[in-house]
Amino acid sequence: MILSELTGYLEQHHRVGLMDLAFRFESSPDALRGMLTILERKGRVRRITGAAGCSSGCSKCDPATIETYEWIGDGFGRNPEDGGRGALASS
């Protein structure tokens, strides 16, 4: 699998669980995390974990089963400190 396939899948589905990606691409969650980290650094995806992935808060689930990634776009003008909205949106 190449990064462009992963990017296209996330762009099409908007929000996808790590385990769903692992099944879809027949890859290990750890291998996918490496590629997803690249997309996070570029500001194209955001990782959602914990309470956003599960509402019960029981901590019994494997973190990979509730780890979710959300497509947020091309990453241009995004700043994690302003929630990824960009400079114009915060004025």
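Refer to the structure presented above.
Rules and cut-offs
- Residues numbered from 1 in each chain as written.
- Predicted model: local features only at pLDDT ≥ 70, side-chain atom pairs only at ≥ 80, totals over all residues.
- Heavy atoms only, no water.
- Helix = DSSP H or I, 4+ residues; strand = E, 2+ residues; numbered from the N terminus.
- Buried < 20%, exposed > 50% of the residue type's maximum accessible area, 1.4 Å probe, protein only.
- Arc of directions from axis to C-beta.
- Pairing = 2+ DSSP bridges.
- Axes fitted to C-alpha atoms, helices over the stretch in contact; angles between N-to-C directions.
- Contact = heavy atoms within 4.5 Å.

Trainee: I'm lost on unusual backbone geometry in this one. Help?
Mentor: For residues other than glycine, phi is negative in most cases, and the peptide bonds are mostly trans. Non-glycine residue H14 carries a positive phi angle of around 65°. Looking at the secondary structure, you find H14 in the loop between α1 (3-13) and β1 (15-17).

Trainee: Teacher, can you tell me more about helix α2 (residues 18-25) here?
Mentor: At 3.6 residues per turn, the α-helix brings residues three or four places apart onto the same side. Among all positions in α2, only L18, L21, A22 and F25 are buried. Looking straight down α2, one finds its buried side chains confined to an arc of 100°; they lie on one side. Looking one or two residues past α2, E26 carries a phi angle of roughly 50°, positive in sign.

Trainee: Help me understand the sheet that holds β1 in this model?
Mentor: Strand pairing in a sheet relies on backbone hydrogen bonds, with the paired strands running either antiparallel or parallel. The strand order across the open sheet formed by three strands is β1-β3-β2, and the pairing between neighbours is antiparallel. A single partner strand is all that each edge strand has here, and the edge strands are β1 and β2 (45-48). Adjacent strand axes in the sheet meet at a mean angle of 25°, parallel and antiparallel pairs treated alike. Judged from the four bridges that link them, β2 and strand β3 (residues 68-71) form a sheet pairing that is antiparallel. Paired with I48 across the strands is T68, a residue of β3. Contacts from helix α3 (residues 29-41) reach β2 and β3 within the one sheet, and its direction differs from that of β2 by about 125°.

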